[in-house]
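Architecture and fold: a report
Listed here are the chains, written in short residue letters.
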Amino acid sequence: MFENKESVSYGIDSSVWKAIEKAIEKNSYDSIFVLLTFLRRVYSESITNLSTIHFQKYIFFPAAIYRLIYLHKENNADLSKIQDFGFREIPLHLKEVISFDMNFNYRVVEDKVKFASGMGNFYYWAFNGFGRLLYFQIKFEDVKSFRNAINQLDQCSEEDSVSYYNLDTQLRIEKSKKDNEREIEFLKHKINAGKAFRDYKRHTILGIKYWGIYLFKKDRIKAKKLERFLKFLNPQNNDASDLLKDILFFRSGGVIHYMGWQGWDYKDRVPGKSHTMPSPWQWLTEGFFVDQIRNNTLYVNLEEIRGQDIMQVKTLVESLSDCAKELKNHFEKWKDVLLTPTVEDFEEKSNKLLEAFRVVERKTIGFADRELANLPLSPRKIKEFRDLIGKAWESHARINLIFKQFGNLAAVKDPKIELHKYGFRLFFEKGKKMFVDGDYFQTIYGMEQKGGQVARGEDSQFFIDISEPEHQETSSTSIIQLIEKSIGQLKGNGIDPTLILMSPEYSYKDEGLLNDPRFNSKVGIDNTQPFFELGSFDNIPIFSSYSSYLNNSILVCDFQKAFFKEFRQNRDWYNNELWVEVTKVSDEDAKARFDAEPEKWSTNENGEKISPEDALTLIKTSVIIDIFTIIEYKILDTDAYIIGKLR
Amino acid sequence: MPFLNTNSLRAQITKELRIKHESLFDNPYKEFYNQCLEKFFSKQQWWLIGLLTIFIFWISRFINIDFLNFITLKKESAVGIVDQRTSNVATIISMTIAVIGFLISNIAVKESFAYRLLFERSRLYTVIYFILSTIACLICISALRETIKDDFIYVRLIITGTYCVVLILFLIGLLFRRIIRFTNSKEIQEMFHNEMIKEAKTNLKAILISQASVTKITTFFEESGLTDYSLSAAMDRLNPFSSGPSEIDKKNQLTPMIVDDIYLPDIDVYIKQLTNKEYYYRNLSLEKSVDYYDDFIFPKEGANLKKNKRKLSKLLNLKKIPKKHSDKYKVRTYFEQKLEEFSNENKYKSMEGVLDTYLEVLVLEMKNI
């Protein structure tokens, strides 16, 4: 653990630990007693002062003392007195810290509310310390001490564990009264602390149980020995209704540093050699599966599962299927632990379990959809989306950039003047998850392409608009000749071309153009020019566009003389130009869509029939996206431009 | 007296911490008084005691306190007395040293730390310095018997010497009383305990002051529009493609010093005088050892001018790094050794004493961090 060297207590912990080592080495019962008393006083003072800075460090001392005594015992038979004392007292101390020190302090502290709010943290560290002790005991296969420790753990109680419902009732009564916010706050914290106590206690037991199973998998413990440990961790210790919730929690990201499990290892490693520690995520899942096959305790309480956990069910089913395959492949090794005499029995149990989970998966997907359908859209996420689309549009809308470059454009403020709307309205199925806050948020990649799509459409519209009226046209078989002819024709009409527009591929593919001395390429050379300026031909700038209309055509023109652009502006749009709006599907919209395509919406993604109500819910997990620009291209002079066609 | 300087960041933070951590701080005047006393009684102050003694002898001719004027002496008698007084004091000091030697050899805990504490707590150094200074003065007075023509002045010097001898007797009494306490092991343990708590409190105060100063200084720099000279900024500056010259490399290495105090209003004035360029600031905090005290604000492009460096170094109050850094934790180190020793010898009763002290230190930290 990191510790600040400048802390006033720096070094005290190692000094105390050295004293413990000496006391064990010297077989000094009295010294150990004095040191354990010191530890108890540290715990008690930490709780009274609501400070975990020392508690979270010293709470691991009992487990470390146990380990040290055990290791010394192997070389020194005279340690029996200290061993008996240590093995008996250590779990007792931990139990007393949890059951007495914490509960007693409720009565003596001045600020009950503050105290109750901090209790959860102490419970976490205390059970973490207990878990560490059990980890060593199972590692040393010390069944006797393990039984004693589990007994003490079972006896750990929080003050109001039996009266949880009383607290709840008390809270309701207090809420009905006036001017007792502090009491209400206290009761709320106390209820939370009680919940934390029960969760941590249960997780400590489950953790050690699943770890024992993992040790068996790694051939670190024999089946019979494992059975002896597991029988102390009997099912009545756990509330079956919490099992699903627990396994989903164990598999979530937050469990990486939970209960110190990341540091549990099944063998002593050689220092200096790299190795991978067992992943808690993996052994907890495997342990869970084996435990379920042994006990069939699963009871799915869907109502208590929320958000991210629901998403985890799908991956859990996959992991459990993998576990089932592996156990089946090594059935001979596992059959005693699984309590299934034949592979058929095992398959029956495992299929039943997996099927139960698949039901959960299906149910939870519906549940998740229901929650998602009711969530409001997040303005922040919509803004992020608008910026994403806007940036893509900005870089692709090249005709717009050329107008800006030449300055022949103007915003139209008069609402009576009608302009064209370019873009699209998209019904984005299951797209709502991209626009909500919280657990259901999910990024959908590639959406920025929609911005590029609108931009290309806008460019294409420009070419459609300029192709419609009577205009000059020419054709040739090579790009150089086409440019020369177009320029010549315009110059013949007394027009000095200011722009050549062509597809970007000519700038690197057409040898004729590349080798012509009049062509001056700027690609990758002059970064001060707009990125879509390919260079110049005879000092006339060449710009590019991705529009498909330029695939076999070029445009040569006096841009300012030939064209003008009018556009609508709005402060709420991206860059005041691009209208991006995301709206949720209303009940009426959903119904209209369902009525239009009942067949499509009555089947879910697994091909199963769903009710009309569920179908409406599914529709409401979609959103409507509008992306538009409102513009009008005006042709000022048809003689000022020429379109060249490549034959 | 930092609490008198309104620009002092240390004074400002200490004032705030006094309210928040009441148990950790004494009354500011009492604290100042104790600091002065501690300095006065330290073993390095031999010269001060010497000067003070000479001053007492010198001032005697101007002092006219009625109830001290009951001694009347003629110069002839005074000349006879001075040698007597000198030999009296010499006898007293030899006896005193012998007795002290005896007492010290019977001290309950015979350890260097206990001896050090004994010398500090008993004020032995100060008393001995005073006795020696008095002897020196009396010898000089004796030698000047023919030189000092003014009878009144000479008699006054002899009378002052007599009073000093009486005072020495009183001080020796006090000294014995203090040293005798060291023959009782329980009293010594209690003293050790108090020393440890005192040390922990001093260090904890320094830590709290340092922590509070980090927040204040960073906020101040950020609000002044300066940019943190972070690792990425440093990397950027060292980038050969970046436009600014890398002046950091050229910086002359200064001897690291500890920041004792910072004057933020003065720094504010300095920042306001700067041109429109953008500036970086480097992390500063009280009690931090730094070697950039003349360069803690510098432009993003280029480097500080020499005159600016001079100005900057004046905005901080610096102190030398103590030679032994572990001196801050000398009592704790002693306790660590003792616990190891007690556990080695199975002295569990003695271990209890050390652990009690440890617990008090931990509680002190729990309550204040």
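Conventions and cut-offs
- Residues numbered from 1 in each chain as written.
- Chains lettered and ligands numbered in written order.
- Predicted model: local features only at pLDDT ≥ 70, side-chain atom pairs only at ≥ 80, totals over all residues.
- Helix = DSSP H or I, 4+ residues; strand = E, 2+ residues; numbered from the N terminus.
- Buried ≥ 20, exposed ≤ 12 C-beta atoms within 10 Å, placed from the backbone.
- Contact = placed C-beta atoms within 7 Å.
- Core = buried A, V, L, I, M, F, W, Y, C linked by C-beta atoms within 7 Å.
- Pairing = 2+ DSSP bridges.
- Axes fitted to C-alpha atoms, helices over the stretch in contact; angles between N-to-C directions.
- Parallel < 35°, antiparallel > 145°, perpendicular 65-115°, else oblique.
- Nonpolar A, V, L, I, M, F, W, Y, C, P; charged D, E, K, R; others polar.
- pLDDT = per-residue confidence, 0-100.
- Expected span 1.5 Å × (residues − 1).
- Arc of directions from axis to C-beta.
- Left-handed = near helix turned anticlockwise from the far one by under 90°.

**Describing the overall build of chain B**
Scanning chain B from N- to C-terminus turns up 14 helices and 6 strands. When the 369 residues of chain B are sorted by exposure, 25% land in the buried category.

**Quick look at the overall build of chain A**
A count of helices and strands for chain A gives 25 helices and 12 strands. Within the span of chain A, comprising 647 residues, buried residues form 37% of the whole. Considering only contacts in chain A between residues 6 or more positions apart, those separated by 24 or more positions represent 79%.

**Here we look at the interface of chain B and chain A**
Across the boundary between the two partners, chain B contributes 24 residues, which contact 25 residues of chain A. In terms of residues, the side of chain B that touches chain A owes the most to one element, helix H14 (residues 348–368) of chain B, which gives 12 residues.

**What about the nonpolar core?**
Residue and element names in this part refer to chain A. Residues Leu35, Tyr123, Ala126 and Trp211 are the most contacted members of the largest nonpolar core, which totals 158 residues. Setting aside residues no more than four positions away along its own chain, Leu35 makes contact with Val16, Ala19, Ile20 and Ala23. Grouped together as the second largest cluster of nonpolar side chains are 64 residues, Phe385, Ile487, Cys557 and Val623 included.

**Examining the pairing of strand S7 (residues 540–544) of chain A**
Residues and elements named next belong to chain A. Where burial is concerned, most of S7 is hidden: 4 out of the 5 residues are buried. Here strand S4 (residues 499–502) pairs with S7 via 3 bridges, running parallel. Paired with Met502 across the two strands is Ser544, which belongs to S7. Strand direction decides the pairing type here: strand S6 (residues 533–537) and S7, joined by 4 bridges, are antiparallel. Opposite Gly535, over in S7, you have Ile542 as the bridge partner.

**Quick word on the sheet that holds strand S2 (residues 257–262) of chain B**
All names here are of chain B. An order of S4-S2-S6 is seen for the 3 strands of this open sheet, with the pairing classed as antiparallel. A single partner strand is all that each edge strand has here, and the edge strands are strand S4 (289–290) and strand S6 (316–319). Strand direction decides the pairing type here: S2 and S4, joined by 2 bridges, are antiparallel. What sits directly across from Met257, in S4, is Val290.

**Some thoughts on the sheet that holds strand S3 (residues 279–281) of chain B**
All names here are of chain B. Read from one edge of the open sheet, 3 strands run S1-S3-S5, paired in mixed fashion. Each edge of the open sheet carries a strand with a single partner, namely strand S1 (227–228) and strand S5 (297–299). Relative to S3, S1 is paired through 2 bridges, and the arrangement is parallel. The residue of S3 that forms the bridge with Thr227 is Tyr280.

**Focus on the environment of A:Thr276**
Residue placement: A:Thr276 occurs in the loop between helix H11 (243–250) and helix H12 (280–295). Since 6 C-beta atoms lie within 10 Å of it, A:Thr276 is described here as exposed.

**Some details on the packing of helix H9 (residues 181–217) of chain A against H12(A)**
Residue and element names in this part refer to chain A. It is at 8 Å that the axes of H9 and H12 come closest, and there the two elements cross at 95 degrees. Between H9 and H12, the angle falls in the class roughly perpendicular. On H12, the residues that touch Lys209, Tyr210, Trp211, Ile213, Tyr214 and Lys217 of H9 are Trp283, Leu284, Glu286, Gly287, Phe288, Val290 and Asp291. Here the residues of the contact of H9 with H12 sort into 8 nonpolar, 1 polar and 4 charged.

**Quick word on the confidence of the model for chain B**
All names here are of chain B. Averaged over every residue, the pLDDT of chain B is 83; residues scoring 70 or more account for 91%. Model confidence for chain B, summarised as mean pLDDT per element, is weakest for helix H10 (residues 247–250) at 47 and strongest for H14 at 92. Overall, residues 240–250 carries pLDDT values under 50, and its contacts beyond four positions in sequence, including any with other chains, amount to 13 contacts. ipTM for the predicted complex: 0.79, alongside a pTM of 0.68.

**Quick look at the environment of B:Thr162**
As for its placement among the helices and strands, B:Thr162 is situated in helix H7 (residues 151–181). For the pair B:Thr162 and B:Arg85, spaced 77 residues apart in the sequence, the C-alpha separation amounts to 7.0 Å.

**Quick notes on helix H19 (residues 479–492) of chain A**
Residues and elements named next belong to chain A. Across its 14 residues, H19 extends 20 Å between first and last C-alpha, which sits within 8% of the 20 Å expected from 1.5 Å per residue. Among the residues making up H19, those that are buried are Ile479, Leu482, Ile483, Ser486, Ile487 and Leu490. Seen from one end, H19 has its buried residues packed into an arc of 125 degrees, which puts them on one side. Residues of H19 that are exposed and point over 90 degrees away from its buried face: Gly488, Lys491 and Gly492. Of the residues flanking the end of H19, it is Gly494, one or two places downstream, whose phi is positive at about 80 degrees.

**Here's the deal with unusual backbone geometry**
All names here are of chain A. Of note, the phi angle at Glu141 is positive, near 55 degrees, even though the residue is not glycine. Mapping Glu141 onto the fold places it in the loop between helix H6 (112–139) and helix H7 (143–155). Unlike most non-glycine residues, Leu339 shows phi in positive territory, near 60 degrees. By secondary structure assignment, the location of Leu339 is in the loop between helix H14 (331–338) and helix H15 (343–374).

**Some words on the packing of helix H3 (residues 46–59) of chain B against helix H6 (residues 124–143) of chain B**
Residues and elements named next belong to chain B. Where H3 contacts H6, the axes come no closer than 9 Å and their chain directions differ by 45 degrees. With respect to H6, the axis of H3 lies oblique. With respect to the hand of their crossing, H3 and H6 are arranged in right-handed fashion. On H6, the residues touching Trp46, Ile49, Gly50, Thr53, Ile54 and Phe57 of H3 are Thr126, Tyr129, Phe130, Ser133, Thr134 and Cys137. Its residues placed into classes, the contact of H3 with H6 shows 7 nonpolar, 5 polar and no charged.

**Remarks on the environment of B:Ser285**
Residue and element names in this part refer to chain B. Tracing the sequence through the fold places Ser285 in the loop between S3 and S4. In this structure the C-alpha to C-alpha distance between Ser285 and Ile262, which are 23 residues apart in sequence, comes to 8.4 Å. When residues no more than four places from it in sequence are discounted, the contact partners of Ser285 are Ser210, Ser213, Val214, Ile217 and Val259.

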